[in-house]
Amino acid sequence: SRDWSSDVCSSDLVAPGAEVTIAADALKPFVPGTESVALSIASWRGFDAAGLLRSLDRYPYGCIEQTTSRALPLLYFNDVALLSGKPLDKDIETRVQEAIWRVLDMQTAAGSFGMWGPYGGIVDWLSVYATDFLLQAKAKGKNVPEAQLRQAVTYLRSLAANDSGNAGAYALYVLAREGEANIGRLRQFHDAEVGKLGDSMGLGHLGAALALAGDRARSGSAFGLARNAIGRTTEGDYYGSALRNLAGLVTTAAVAGQDAVVEAVFDRFSQLERMPDIDLTSTQEKAWMLLATNALGRRGGPLNLERGGQPVRLSGERAVFNPDAAALAAGFAVRNAAATPVWATVSVTGVPQEPFPPVEEGVHVDRAFFTLDGSPADLEKLRQNDRLVVSLSGHVDPALRRVREFHHELVILDLLPAGFEVEAVLARDENGKSIYDFLKPLSETAMREARDDRFVAAVNLPASNTQQLPYDEFHVAYVVRAITPGTYTLPAASVEDMYQPTVHARSVQRTVIIEAR
């Protein structure tokens, strides 16, 4: 994952009277003190909520889509046990409120939302998504300024009236949920424009909007079309996928009471796409799988669980356990004492004992260290207060360059060892050059910033015509200072496509030795 931890998950149906157990050695692959276990039991079939929440929670980036995807599920999954079972640096309520402020900081004068700020990169569907989050946060009692919220809703009304694609269908659904359904527009969309919706998620939004507006016949028709569209994606929808659309359809079908559609989606899910590793799913996929699980949870039946022969006290429709190593060693089992089966999901996370190997999947990344005069730096012979220039460069695999509509929103991440701190992030002039002449031209970035323990930058490929690098290459750089004597492991640098996470690369880990000056 992004912070070099790993999730292992399994999900099984537990028959009446049967037990779900966790192996005593489940934590063995992980470094002691970093591992945790979450056992989630519910009466409905769903996704790995614990693993999905943890993966989203440690996602290090912050555009409008990622900020929304991290925070929206926390409005419903506000159980710290699901996140890790360990104290967090900030409570969930605070993080949701901070996400609200960040989203609002990216709102434009028209009420829409920019990708990284209010000055550009507007995607209508993502603007609806952000407004959806703000409205649900408001309903949950969070502090959302009314003036900005109304401005966003006004933008939604315009989209709903004029857009015949997925953004328009999503806007109609959000408005219908808020009691602002325009039944005439909904019927017109269904009767005359439904063919413009290219995937099951957009059709699901239309079907749910019609159901909320009271038109059950057209709602059933839209969901019928959605079932037939399972597996399709809308051309040009960079943020969608077959998996995301499936989860979105489950969400809207559950809201609309379309039980047959929910079952049909789950029946076809395993046939359509084997669940990938959680950290190889996009933030869109994670968020909608969680929203689907929440929507299904409203329909779940009561649980009757026992542990050690004693009833388990339950506070909701889902039970979550976080056994530690001692509990696992003693034998950890939970019995389903109900007359109906339940679904149990075990998720184990931690920093692996063995370091992750280098990987190149569709993209390549190089990391180089230089002294300030451009000479290669020896990382095992550094002195305290030495300053180095870190260069991160790479390119997309030639096979992907030939793909039609070649486009990648890449994020480059470089985690720091404890003995380093970032001193400066290098900017480019109009010719792509930095203040260090020995570096090749730098990329235009959508975002670049230094944090306490990492450097992060976002680059869109193909590069613009003003860039001095080839269209399928990237290059960013920063200055780091050696501050604390010691021997450290230098984590690998990584690059990934934010919405095609299977396109990713990771460099080698190295050793850093800093001597006192």
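For the structure, see preceding data.
Note that this is a predicted model, so its numbers are computed, not measured. (Residues numbered from 1 in each chain as written. Predicted model: local features only at pLDDT ≥ 70, side-chain atom pairs only at ≥ 80, totals over all residues. Heavy atoms only, no water.)

## Details of the packing of helix α5 (residues 124-139) against helix α6 (residues 146-162)
Defined as follows: To obtain an axis, a line is fitted to C-alpha atoms, over the contacting stretch when the element is a helix, and the angle between two such axes runs from 0 to 180 degrees between their N-to-C directions. Segments assigned H or I by DSSP are reported as helices when at least four residues long, segments assigned E as strands when at least two residues long, and all are numbered from the N terminus. Angular relationships are summarised with four words: roughly parallel below 35 degrees, roughly antiparallel beyond 145, roughly perpendicular across 65 to 115, and oblique for the angles in between. Here a crossing is called left-handed whenever its near helix is offset anticlockwise from the far helix by less than a right angle, and right-handed whenever the offset is clockwise. Only heavy atoms matter for contacts: two residues are in contact if any of them lie within 4.5 Å across the pair.
One can describe the packing of α5 onto α6 by two numbers: an axis separation of 10 Å at closest approach and a directional angle of 135°. Accordingly, the angle class assigned to the pair α5 and α6 is oblique. Here α5 runs over α6; the crossing is left-handed. Across from Asp124, Ser127, Val128, Thr131, Leu134, Leu135 and Lys138 in α5, the residues of α6 making contact are Glu146, Leu149, Arg150, Ala152, Val153, Tyr155, Leu156 and Leu159.

## Brief notes about the sheet that holds strand β17 (residues 473-482)
As a reminder of what qualifies: One requirement defines pairing of two strands: DSSP has to find at least two bridges between them.
Reading across from one edge, β10-β12-β17-β14 is the order of the four strands in this open sheet, with antiparallel pairing throughout. The outermost strands of the open sheet, each flanked by one partner alone, are β10 (363-370) and β14 (420-425). Going across the sheet, the axis of each strand differs from the next one's by a mean of 30°, ignoring polarity. Alignment of β14 against β17, held across five bridges, turns out to be antiparallel. For Ala424, the partnering residue across the bridge sits in β17 and is Val479.

## Looking at the pairing of β17
The following threshold applies: When a residue's accessible area, from a 1.4 Å probe over protein chains only, is under 20% of the maximum for its type it is buried; when over 50% it is exposed; and in between it is partly exposed.
Burial analysis of β17 places eight of its ten residues in the buried class, which makes it a mostly covered element. Where strand β12 (residues 387-396) meets β17, nine bridges bridge the pair, whose relative direction is antiparallel. Note on β17: the bridge partner recorded for Arg387 is Arg481.

## What about the sheet that holds strand β18 (residues 486-490)?
Overall, mixed pairing links the three strands, which are arranged β11-β21-β18 in an open sheet. Each of the sheet's edge strands pairs with one partner strand only, and the pair in question is β11 (382-383) and β18. Bridge count between β18 and strand β21 (residues 510-515): five bridges; the pairing is antiparallel. Along β21, the bridge assignment pairs Thr487 with Ile513.

## Comments concerning the pairing of strand β2 (residues 19-22)
Of the two faces of β2, the one lined by Val20 and Ile22 is fully buried and the one lined by Glu19 and Thr21 carries no buried residue. With four bridges connecting them, β2 and strand β7 (residues 332-336) associate as antiparallel partners. Of the residues in β7, the one forming a bridge with Ile22 is Phe332.

## A short note on the packing of aromatic side chains
Selection criterion: The pairing test for Phe, Tyr and Trp rings, Trp by its six-membered ring, is centres within 6.5 Å, and the orientation test on the planes gives stacked under 30 degrees, edge-to-face over 60, and tilted for anything in between.
If you walk through the whole model with that rule in mind, you get ten aromatic pairs. An angle of 50° between the planes, with centres 5.7 Å apart, marks the rings of Tyr436 and Phe438 as tilted. Taking relative accessible area as the criterion, Tyr436 reaches 12% and is therefore assigned buried. Centroid distance Phe455 to Tyr478: 4.5 Å. Interplanar angle 20°. Geometry classified as stacked.

## Description of the nonpolar core
Threshold: In these notes, a set of buried Ala, Val, Leu, Ile, Met, Phe, Trp, Tyr and Cys residues joined through side-chain atoms within 4.5 Å is what counts as a nonpolar core.
Grouped together as the largest cluster of nonpolar side chains are 94 residues, with contacts concentrated most on Phe133 and Leu134. Grouped together as the second largest cluster of nonpolar side chains are 33 residues, Ile412, Ala463, Tyr478 and Ala482 included.

## Focus: the packing of helix α8 (residues 183-193) against helix α10 (residues 216-228)
Basically, it comes down to this: Each residue gets one of three labels, nonpolar for Ala, Val, Leu, Ile, Met, Phe, Trp, Tyr, Cys and Pro, charged for Asp, Glu, Lys and Arg, and polar for the others, Gly among them.
The N-to-C vectors of α8 and α10 enclose an angle of 40°; their axes lie 11 Å apart at closest approach. It follows that α8 is oblique to α10 by the angle criterion. In this structure, α8 meets α10 at a crossing whose hand is left-handed. Within the contact between the two elements, α8 uses Arg187, His190 and Asp191 and α10 uses Arg218, Ser221 and Ala222. The residue inventory of the contact of α8 with α10, partitioned by class, reads one nonpolar, two polar and three charged.

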